[in-house]
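Each chain, written out:
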Amino acid sequence: MITADSRAAATALLEGALVIIPTETVYGLAGRADDPDAIARIYAVKGRPSSHPVIVHVADPDLDASRPGAWVSDVPDYARALAQACWPGPLTLVLPRSDRASDAVTGGQDTVAIRVPAHPNALAVLRAMDELDPAGAPHGVAAPSANVFGHVSPTALDHARADLADRLAPGDLALDGGPCEVGVESTIVDCTGAQPRILRPGRIGAADIERVTGMAVLDASSSGIRVPGAMPSHYSPAASIALAPDPAALEAYVDAAIVGGTQADAIGIIAMEGVPTPEGATRLLAPASADDYARGLYDALRRADATGIAFIVAVAPVSDAAGVSEAITDRLRRASAPR
Ligand code: TXA
Ligand code: MG
């Protein structure tokens, strides 16, 4: 059931229901983070393996580990600096957990992922939870992306409802917030080591993190931390997808698909505005900027599946917007990985 009332959504969450909420990155399927039954339902509704940890979303960017109800237990200075500079915003910090962050949320790990989303409707819901039940503040909601496990993340309420409406129960709600402004999931930074490590690229890039922390940033490759969202074949549409290395290679990829037996009009193209569509192929997205590319990507992948596109050829953006370009390339690589 769709609502525009953030207090109704907050009440539902406090009572243990699930709510589809908009965030600036993608829509989330939210449940009270300190209610193991609500978390169990999130996993069941998504069809997600229960060992995969979820992100806790809070309204208050204060990471003081000593405050009552804190979700984290130990916060290095560089993590505090990142929270101050980037929250509310598309950044998730992985920190040592407190007792409040249960195994249901952390997947049994001794860390918890936490972020303050920037979407006004998400913030309104989280703030309303703290107002309605001040004793439980700071309230947190666990919110994985509101898609069936393995599907493309939803960047519009319709995407989330297409995946999940049939799986929700009476009393669960969906809060509209329009199309997502960022369009790819938050940057996840592991803050348990001496220096920050990016576990999942997002709009906030390595250069941003280096600027804020004054430290060199590591990448996911040498991490022992499990990031199930980083499985190679995640973020997959039903159509096969190939990532062409540059615009000049696009024609050759399309020709190869046609030689391989795919009809020309069942081939979808995702590339920046200036890149021409090869003859006969179907253009799915022609963004003017890397930010527009990120905003439109998941909708284009869903439209491809809805319109009978069998094979997608994508060319990643070349741009100065490093974070978002890295995130797009990362998601396209995963979507094109063998399944
Ligand atoms: O932008 C986003 O982050 C969206 C919106 C709704 O906030 N959420 C999202 O959640 O993408 P989800 O569950 O689809 O992806 C969360 C990722 C998963 O890859 C998970 O493994 C990782 O975060 N994660 C969660 N807790 C973790 C932890 N303690 N350590 C390492 N990775 C963790
Ligand atoms: Mg997800």
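Residues numbered from 1 in each chain as written. Chains lettered and ligands numbered in written order. Predicted model: local features only at pLDDT ≥ 70, side-chain atom pairs only at ≥ 80, totals over all residues. Heavy atoms only, no water.

(A) Main features of the packing of helix α1 (residues 6-14) against helix α5 (residues 120-132). Look at α1 against α5: their axes get within 8 Å of each other, and the N-to-C directions meet at 60 degrees. When the interaxial angle is binned, α1 and α5 end up oblique. Once α1 is placed against α5, the crossing between them reads as right-handed. In this structure, α1 contributes S6, R7, A9, A10, T11, L13 and L14 to the contact, and α5 contributes A124, V125, A128, M129, E131 and L132. (Axes fitted to C-alpha atoms, helices over the stretch in contact; angles between N-to-C directions. Helix = DSSP H or I, 4+ residues; strand = E, 2+ residues; numbered from the N terminus. Parallel < 35°, antiparallel > 145°, perpendicular 65-115°, else oblique. Left-handed = near helix turned anticlockwise from the far one by under 90°. Contact = heavy atoms within 4.5 Å.)

(B) Quick look at the pairing of strand β5 (residues 91-96). Of all 6 residues making up β5, 5 are buried, and the element is well covered by its neighbours. By the bridge criterion, 4 bridges tie β5 to strand β9 (residues 187-190) in an arrangement that is parallel. Residue L91 lies in a different strand from β9, and its bridge partner there is T187. Here β5 pairs with strand β6 (residues 111-115) via 4 bridges, running antiparallel. Across the sheet, the residue bridging to V94 is A113, located in β6. (Buried < 20%, exposed > 50% of the residue type's maximum accessible area, 1.4 Å probe, protein only. Pairing = 2+ DSSP bridges.)

(C) How the structure looks around the pattern of salt bridges. Enumeration according to the criterion identifies 18 salt bridges in this entry. In this structure, the salt-bridge partner of R32 is D34, at a minimum N-O distance of 2.6 Å. For D34, a relative accessible area of 28% translates into the label partly exposed. Taking the shortest distance from any N to any O, the salt bridge between R41 and D172 comes out at 2.6 Å. Here R41, found in helix α2 (residues 36-46), pairs with D172, found in the loop between α6 (157-164) and β8 (173-175); they are 131 residues apart in sequence, far enough to count as distant. Relative accessible area serves as the criterion here: at 27%, R41 is assigned to the partly exposed category. (Salt bridge = Lys/Arg side-chain N within 4 Å of Asp/Glu carboxyl O.)

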